[in-house]
Amino acid sequence: MVSRPGARIGAALILAAATAVAHGALPSPTRAERAERLVPRPELARLLAFGFDALVADLYWLQAVQVVGGERGNPSRHAELLGRLIDVTTHLDPWVDHPYRFAAVWMIDSPRSVRAANRLLERGIAHHPRDWRNRFYLGFNHFFYLADPARAADELEEAVALPGAPLYLRRLVARLRADTAGLETAVAFLQELMRSSPDPHARAEYEKALEEIQTERIARVLDQAREAYRERRGRDIERVEDLLRGPDPVLAALPPEPHGWEWVLHPETGQIVSSYYEYRYELQLHPLDRKRLEAWTGEGEASGESL
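In this report, we go over the structure that sits alongside the text.

Thoughts on the overall build of the chain
Thought 1: Looking only at helices and strands, the chain features 13 helices and two strands.
Thought 2: The buried share among the 307 residues of the chain stands at 44%.
Thought 3: Contacts spanning at least 24 positions in sequence make up 58% of the contacts within the chain whose residues lie at least 6 apart.
Thought 4: Working note: accessible area of the chain is about 16,600 Å², and carbon and sulfur atoms make up 55% of it.

As structure tokens, this is what we get:
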């Protein structure tokens, strides 16, 4: 009679061999979709692992890596399969590290995939609460793919105080707050960081961000004057100085640029900007990414769902 430990080892080897066969079939992209039916539900995978959860988790993790490595085009087209593989991997061994962020990188073909990746990241946060990186990817997904800067700011704010979190996260959170809750919220956030931070280099960075916000305040005043100019003249300005010209000028004088530089029109966006910064205090998206968000929003409206 085979001993109980021997039976467990034998069963695990059989499962490992079966998984290895599926793994060997994955490098060909044409077979990747068919591999989906070889991925069991997490509960079943745990039952079949016979206690060798970490070993079997590694096998499914390798399959996910092979799906991406074997794809000659866009690996994110296999987002559903990758999600199932990482789901099994992290159910069997939730203490793994990289697979959570791997999902965030490649599960980006649709809002549905991004939300599935976010659920995996939230599992990673639950098991690695001191790792700032999972919160960073979660915040990025909410901002960049799901057009939710408020939720992104919430997630990134949680990461700010974690070990190893880069200083730029503080300023990023401030910008997100400025976009969603207004400049005063961003100011309050930065002032609290300045008050509580023992690091003089960090405080210097926060002070720079506050200077950017002060410049943005003035730029927004100029935006209002520009709108008044359009209403009065029926056309837009060609230079910022146009706000001072004509029989009925909108402004008597331009407010000083805080650094002693000038107010100019950005050559690409047409926005009024400080020539010192050459940008506005807001998060920028590439035009192609804006088109993607618009397309996803349109698809969500058509289906009755939102990003």
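Once you've had a look at it, read on.
Regarding the pattern of salt bridges
Thought 1: Enumeration over the complete set of coordinates arrives at 25 salt bridges.
Thought 2: We note a salt bridge from Asp131 to Arg133, for which the minimum N-O separation is 2.8 Å.
Thought 3: Here Arg133 falls in the partly exposed class, since its relative accessible area comes to 30%.
Thought 4: In this structure, the salt-bridge partner of Glu227 is Arg230, at a minimum N-O distance of 2.9 Å. Here Glu227 and its partner Arg230 are both found in helix H12 (residues 200-233), three residues apart, which amounts to about one turn of the helix.
Thought 5: We classify Arg230 as partly exposed; its relative accessible area is 32%.
Thought 6: The structure contains a network of salt bridges with shared partners spanning Arg171, Arg175, Glu205, Lys208 and Glu212.

Topic: the packing of helix H10 (residues 168-180) against helix H11 (residues 183-196)
Thought 1: Interhelical geometry of H10 versus H11 gives an angle of 155° and a closest axis separation of 7 Å. If you check the angle between H10 and H11, you find them roughly antiparallel. The crossing of H10 and H11 is right-handed. When H10 is examined against H11, the residues Arg170, Val173, Ala174, Arg177 and Ala178 are found in contact with a partner set consisting of Leu183, Thr185, Ala186, Phe189, Leu190 and Leu193.

Brief notes about a nonpolar patch on the surface
Thought 1: Taken together, the side chains of Leu44, Leu47, Leu48 and Phe50 present a nonpolar region at the surface, about 340 Å² in accessible area.
Thought 2: Position of Leu48 relative to the elements: it lies in helix H3 (residues 42-49).
Thought 3: Overall, Leu48 belongs to the partly exposed group, its relative accessible area being 32%.

What counts, and at which threshold
Residues numbered from 1 in each chain as written. Predicted model: local features only at pLDDT ≥ 70, side-chain atom pairs only at ≥ 80, totals over all residues. Heavy atoms only, no water. Helix = DSSP H or I, 4+ residues; strand = E, 2+ residues; numbered from the N terminus. Buried < 20%, exposed > 50% of the residue type's maximum accessible area, 1.4 Å probe, protein only. Contact = heavy atoms within 4.5 Å. Areas by Shrake-Rupley, 256 points an atom, 1.4 Å probe, with all protein chains shown as cover. Salt bridge = Lys/Arg side-chain N within 4 Å of Asp/Glu carboxyl O. Axes fitted to C-alpha atoms, helices over the stretch in contact; angles between N-to-C directions. Parallel < 35°, antiparallel > 145°, perpendicular 65-115°, else oblique. Left-handed = near helix turned anticlockwise from the far one by under 90°. Patch = residues over 30% accessible without salt bridge, like charges linked within 9 Å, V, L, I, M, F, W, Y side chains within 5 Å.

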